[in-house]
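Topology and contacts: notes
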Amino acid sequence: MWGGRFAAGPASIMREINASIPFDKRLWKQDIAGSKAHVAMLAKQGIVDGEDAQAITEGLNRIAAEYEADGVPVDLYLEDIHMVTESRLAQLIGPTAGRLHTARSRNDQVATDFRLWVRDAIDEVQAGLIGLQRALLARADENADSVMPGFTHLQSAQPVTLGHHLMAYYEMVRRDRSRFADARARADECPLGAAALAGTSFPIDRHATAAALGFAKPTDNSLDSVSDRDFALDYLMAATQASLHLSRLAEEFIIWASQPFGFVKLPDAYSTGSSIMPQKRNPDAAELVRGHAGRIMGCMTALCVTMKGLPLAYSKDMQDDKPPVFEAHDLLALSIAAMTGMIETVTFRTDRMRGLAESGFATATDLADWLVREGGIPFREAHHITGRAVAAAEAAGVPLDQLPIATLQEIDARIDDRIYAVLTVDASVASRMSHGGTAPMQVRARIAQAREELG
């Protein structure tokens, strides 16, 4: 490959450290597509003879069929997917294969391949996230009226509905999808034709190759074209945020599945047993999703550290850009599929949820709000009165709505029988009618709107 510049070949360790074919073989479809677009442009511009271009294209089609059937051969001597393909093309059509590399470099070639792959990866993630959103909507709709404790500091705070809780994750996923969409839009520029770093003296048509590969436009600076990996970092940052949201959902399932909570029964398909304790049903799928978030975050950090000090334009360090992106994508796809499956098949123990919502003085804020609304009492004073009522209920071993009116009036004479209408958990959630609140009517309205958004 290096022609007459070197008298001897690389040492075996150099071949091993220098080769990227073990992982960049994953780019073969994108590499074939880029090469076909490039040679078609070269022929149109009269840079390569039409017959040679046809022979190259037919050879590339044959190579694609071979890769599809048998996989990409790993040859460390040929280093990467670009040279493996070019070498095979030479075997098939002879010296004419050498014309394919006219007016391009492996620098702009790999930048183009990698952008194409990331763009495809984003489309795959978006499809998975839409499936997760649909699963969340379906289960939220089923449970728009199901009362559960809402928590702050993992302490019972106020009653909410399970539907409202699940819709919180819908909103997280909606933001995740917007981040991936933004990443895709920024990646939608084609580096092909930037060559090694300075462009080329051949009369190429970069707009034609960009259009042929489905890009919005060619990149505008040849140095930036081959040295930019923002598109990969954008993907990893969006993947990291999505994995954090999936991890939070997984953590809640892990907590909810524990015996002290007992809010859910995880399906057999997403649980495992113990090698020694036959009664165990371990939430291993959720725990692995939680663990994957750390690995995806590590992938993002790895590429940030690789890129942080590189001068323009291309450095060999950038060969290490692909493994973290590939790993993060595979982990994220697994995590999305696992959480979607769990959402679709989990059994929610809504009776248990309601029982705990009713037992934790979760309607205390409703008492304070009633004192403000009906008694004209400043909220801070109402807060103090309610605190005394909670202490009395705790001492009596009853929930707030079972505290006798006489006891409440001893605390504050302005309380009357009307208070019992707001102290049940159902009354509490129904009253939260503010936009985005947990009232079942608001939850169902947001579900309907979300279904329209998804189409």
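What counts and what doesn't
- Residues numbered from 1 in each chain as written.
- Predicted model: local features only at pLDDT ≥ 70, side-chain atom pairs only at ≥ 80, totals over all residues.
- Heavy atoms only, no water.
- Helix = DSSP H or I, 4+ residues; strand = E, 2+ residues; numbered from the N terminus.
- Rg over C-alpha atoms; globule rule 2.2 N^0.38 Å.
- Buried < 20%, exposed > 50% of the residue type's maximum accessible area, 1.4 Å probe, protein only.
- Contact = heavy atoms within 4.5 Å.
- Areas by Shrake-Rupley, 256 points an atom, 1.4 Å probe, with all protein chains shown as cover.
- Lys, Arg positive; Asp, Glu negative; His and termini not counted.
- Charge placed at Lys NZ, Arg CZ, Asp CG, Glu CD.
- Core = buried A, V, L, I, M, F, W, Y, C linked by side-chain atoms within 4.5 Å.
- Axes fitted to C-alpha atoms, helices over the stretch in contact; angles between N-to-C directions.
- Parallel < 35°, antiparallel > 145°, perpendicular 65-115°, else oblique.
- Left-handed = near helix turned anticlockwise from the far one by under 90°.
- Patch = residues over 30% accessible without salt bridge, like charges linked within 9 Å, V, L, I, M, F, W, Y side chains within 5 Å.
- Salt bridge = Lys/Arg side-chain N within 4 Å of Asp/Glu carboxyl O.
- Polar contact = N/O pair within 3.5 Å; in protein donor to acceptor, adjacent residues only side chain to side chain.
- Nonpolar A, V, L, I, M, F, W, Y, C, P; charged D, E, K, R; others polar.
- Expected span 1.5 Å × (residues − 1).
- Arc of directions from axis to C-beta.

**Some remarks on the overall build of the protein chain**
- Tallying secondary structure elements over the protein chain gives 18 helices and 6 strands in all.
- What you see for the protein chain is a C-alpha radius of gyration of 30 Å, clearly larger than the 23 Å of a compact globule of 455 residues, by over 25%.
- Along the first, second and third principal axes, the C-alpha atoms of the protein chain reach 100 × 55 × 40 Å.
- Every one of the 455 residues in the protein chain was classed for burial, and the buried ones make up 47%.
- Intrachain contacts of the protein chain at a sequence separation of at least 6 include 76% that bridge at least 24 residues.
- For the protein chain, the exposed area adds up to about 21200 Å²; of that, 53% sits on carbon and sulfur atoms.
- Computing the positive centroid from 46 side-chain charges and the negative centroid from 59, the protein chain places the two 1 Å apart.

**Section: the nonpolar core**
- Grouped together as the largest cluster of nonpolar side chains are 93 residues, with contacts concentrated most on F180, Y235, F253, W256, V325 and L332.
- Per-element accounting of this core gives the leading share, 14 residues, to helix α10 (residues 230-257).
- Other than its neighbours up to four places away in sequence, F180 contacts I122, V125, Q126, L129, Y235, A238, A239, A242 and L332.

**Section: the packing of helix α11 (residues 284-307) against helix α12 (residues 322-345)**
- Contact geometry of α11 with α12 gives a least axis separation of 9 Å together with a crossing angle of 155°. In this view, α11 runs roughly antiparallel relative to α12, as classed from their interaxial angle. Relative to α12, α11 is oriented so that their crossing is left-handed. On α12, the residues touching A285, A286, V289, H292, R295, I296, C299 and L303 of α11 are P324, V325, E327, A328, L331, L332, L334, S335, A338, M339 and M342.

**Examining a nonpolar patch on the surface**
- On the surface, I13, M14 and I17 cluster together into a nonpolar patch covering about 330 Å² of accessible area.
- As for its position among the elements, I17 is in helix α1 (residues 12-18).

**Some thoughts on the side chain of K322**
- Looking at the secondary structure, you find K322 in helix α12.
- Separated by 2.8 Å, the side chains of K322 and D321 make a polar contact.
- Contacts of K322, omitting those with residues within four sequence positions, involve F23, D24, L27, V110 and F114.

**Observations concerning the packing of helix α7 (residues 162-186) against α10**
- Running from N to C, α7 and α10 point in directions that differ by 165°, and their axes come no closer than 8 Å. When the axis of α7 is compared with that of α10, the two are roughly antiparallel. In this structure, the crossing between α7 and α10 has a hand that is left-handed. Here L162, H165, Y169, M172, R175, D176, R179, F180, A183 and R186 of α7 lie close against α10, whose contacting residues are D234, Y235, A238, A239, Q241, A242, H245, R248, L249, E252 and W256.
- Of the residues assigned to the contact of α7 with α10, the class counts are 11 nonpolar, 3 polar and 7 charged.

**Brief notes about the pattern of salt bridges**
- With the rule as written, the count across this model stands at 30 salt bridges.
- Of the charged contacts in the structure, one is a salt bridge between D123 and R184, with a shortest N-O distance of 2.8 Å. Linking D123 in helix α6 (residues 106-142) with R184 in helix α7, this pair joins segments that are 61 residues apart in sequence.
- The class of D123 is partly exposed, set by a relative accessible area of 36%.

**A closer look at helix α15 (residues 379-396)**
- Over its 18 residues, α15 extends 25 Å from the first C-alpha to the last, a length consistent with the 26 Å expected when each residue adds 1.5 Å.
- Of the positions making up α15, those classed as buried are A382, I385, T386, A389, V390 and A393. Looking straight down α15, one finds that the buried residues subtend no more than 145° of arc, so they occupy a single side. Across α15 from its buried face, at more than 90 degrees, point the exposed residues R380, H384, E394 and A395.
- Where α15 is buried, its residues meet α14 (364-375) and α16 (405-411).
- Positive phi shows up at G397, right after α15, with a value of about 75°.

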